[in-house]
Amino acid sequence: MIDADTAREQQRQEWALSAPGWSQFRDNLSAASGTMTGRLLDAVAPRPGDRALDLACGIGNPTDALAAAVGAGGSVLGLDISPEMIEGARSWARAHGVTNAEFRVVPDEGHLGLAPEEFDVAVCRVGLQYMPDPGAALRAVREALVPGGRMAATTLGDPGRCMAFRISSQVIARHVPTPDAPPSGPGPVSLSDADRLRELFAAGGFTDVAVESFETALIEVGDAESCWLMFEHTMGPLIAMLGSMSAERARALREDGVAALRAEFGDGPVVLTGEALLASGTRPES
Ligand SMILES: C[S@@+](CC[C@H](N)C(=O)[O-])C[C@H]1O[C@@H](n2cnc3c(N)ncnc32)[C@H](O)[C@@H]1O
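It should be emphasised that the depicted structure is a prediction, and the values quoted were computed from it without experimental measurement.

### A short note on the overall build of the chain
- When helices and strands are tallied, the chain shows 11 helices and 7 strands.
- Taken against the 2.2 N^0.38 rule, which gives 19 Å for 286 residues, the C-alpha radius of gyration of the chain at 19 Å falls within 12% of a compact globule.
- Principal-axis analysis of the C-alpha atoms places the extent of the chain at approximately 60 × 40 × 30 Å.
- Across the 286 residues of the chain, 47% fall into the buried class.

Following this line, the structure appears as structure tokens:
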């Protein structure tokens, strides 16, 4: 098991590599997963005028939806460990004239720099699983919520049902020697167990804890070729791998990836679905 600081540094490096791709393919990643965002917002029910927190906001998702929900009289703070992702979020906000959202880089998930009872609602969309200590993040969020404030988070469920993860891992394994033991640190599917998520919320001091699972679209792209291109620009570990490969091996990997996607979707649009877990809880009144 790698130590927490090393895991965080690895995350920073991977998200630095993929941040430009996340902005480039924002619609393919965020519009497609609108159901997940809708479920998250339903779980915390932000009202106009609320102060909302978006932990691991990436390039501002679902900060965008929260900013619309709380309106001009409310505010949203997006936090992320990656300066490059935060820069993407700030650019998006500037470009769209969003004035009620602010973004900050945090050093780690346990030190969010927040005042007690600063927020009415909080969310974390597919972020907890990348944190070495998600329990510390949940405790920090709970303290920053008003009594009665709601928190909800989504993670990816069963890795075998997450098509993007399954297809990309199978293709990559055919081209790059895989380690004997699976990676033990945080990653896209490292918090895919509903019971563990429930325990984390309860240990974080939340009550009314509920965890649900649902199948949803996560990524939509016009065709197999554009989809693999998107993988090559948004998956940090794949970007790093391609950077250390010869042009010939990188081309072989791409051809195989496109063929694997075509085998499932033909020449038509690619809609990658997966199981999502939605956990929610309330900061107790006392
Ligand atoms: C899959 S992205 C999700 C981004 C956004 N919430 C979305 O749904 O599009 C995961 C995000 O978690 C952030 N992250 C990883 N480790 C973190 C940590 N320890 N603390 C805060 N954010 C972290 C990454 O920088 C990245 O922006």
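Now that the structure has been shown, the text picks up again.
### Things to note about helix α4 (residues 63-70)
- Extensive coverage of α4 is indicated by the burial of 6 of its 8 residues.
- Every buried residue belonging to α4 is among Thr63, Asp64, Ala65, Leu66, Ala67 and Val70, and all of these are buried.
- Taken from the residues just after α4, glycine 71 is the one with a positive phi, measuring 70°.

### Notes on the site of the ligand
- Neighbouring residues of the ligand: 20 residues in total, closest Ala56, Gly58, Asn61, Ser82 and Tyr130.
- Take the shell around the ligand: its biggest share by element is 3 residues, from helix α1 (residues 4-24).
- Class assignment for the residues of the shell around the ligand results in 9 nonpolar, 6 polar and 5 charged.

### Structural notes on the pairing of strand β1 (residues 51-55)
- In terms of burial, β1 is largely enclosed, as 5 of its 5 residues are buried.
- What you see with β1 is no split at all: Arg51, Leu53 and Leu55 on one side and Ala52 and Asp54 on the other are buried throughout.
- Running through α4, the crossover from β1 to the neighbouring parallel element strand β2 (residues 75-80) is right-handed.
- Looking at chain direction, β1 and strand β4 (residues 119-125) are connected through 4 bridges and run parallel. Residue leucine 55 lies in a different strand from β4, and its bridge partner there is cysteine 124.

### Re the sheet that holds β4
- On the basis of which strands lie adjacent, the open sheet formed by 7 strands has the order β3-β2-β1-β4-β5-β7-β6 and mixed pairing. Of all the strands in the sheet, the pair left with one neighbour each is β3 (101-105) and β6 (207-221). Taking the axes of each pair of neighbouring strands and ignoring which way they run, one obtains an average angle of 20° across the sheet.
- Sheet topology places strand β5 (residues 145-156) next to strand β7 (residues 270-282); 7 bridges connect them, and they run antiparallel. Looking at the pairing, alanine 152 lines up with serine 280 of β7.
- Packed onto the sheet, helix α3 (residues 34-44) meets β4, β5, β6 and β7 and runs at close to 160° relative to β5.

### Quick word on the packing of helix α9 (residues 224-234) against helix α11 (residues 247-265)
- The contact between α9 and α11 brings their axes to 8 Å, and the two run at 130°. The orientation of α9 with respect to α11, classified from their angle, is oblique. Here α9 and α11 pass one another in a crossing that is right-handed. Mapping the contact onto sequence places Ala224, Glu225, Cys227, Trp228 and Phe231 in α9 and Arg254, Gly257, Val258, Leu261, Arg262 and Phe265 in α11.
- Of the residues assigned to the contact of α9 with α11, the class counts are 7 nonpolar, 1 polar and 3 charged.

### Observations concerning the pairing of β5
- Across the 12 residues of β5, 9 count as buried, placing the element largely inside the fold.
- With 6 bridges joining them, β4 and β5 adopt parallel strand pairing. Bridging across to β5, valine 123 finds its partner in alanine 152.
- Note that the unit made of β4, helix α6 (residues 134-144) and β5 has a crossover that is right-handed.

So, how was this worked out
Residues numbered from 1 in each chain as written. Predicted model: local features only at pLDDT ≥ 70, side-chain atom pairs only at ≥ 80, totals over all residues. Helix = DSSP H or I, 4+ residues; strand = E, 2+ residues; numbered from the N terminus. Rg over C-alpha atoms; globule rule 2.2 N^0.38 Å. Buried ≥ 20, exposed ≤ 12 C-beta atoms within 10 Å, placed from the backbone. Near = placed C-beta within 6 Å. Nonpolar A, V, L, I, M, F, W, Y, C, P; charged D, E, K, R; others polar. Right-handed = clockwise from strand over helix to strand, strands pointing away. Pairing = 2+ DSSP bridges. Axes fitted to C-alpha atoms, helices over the stretch in contact; angles between N-to-C directions. Contact = placed C-beta atoms within 7 Å. Parallel < 35°, antiparallel > 145°, perpendicular 65-115°, else oblique. Left-handed = near helix turned anticlockwise from the far one by under 90°.

Keep in mind these values describe shape, not function.
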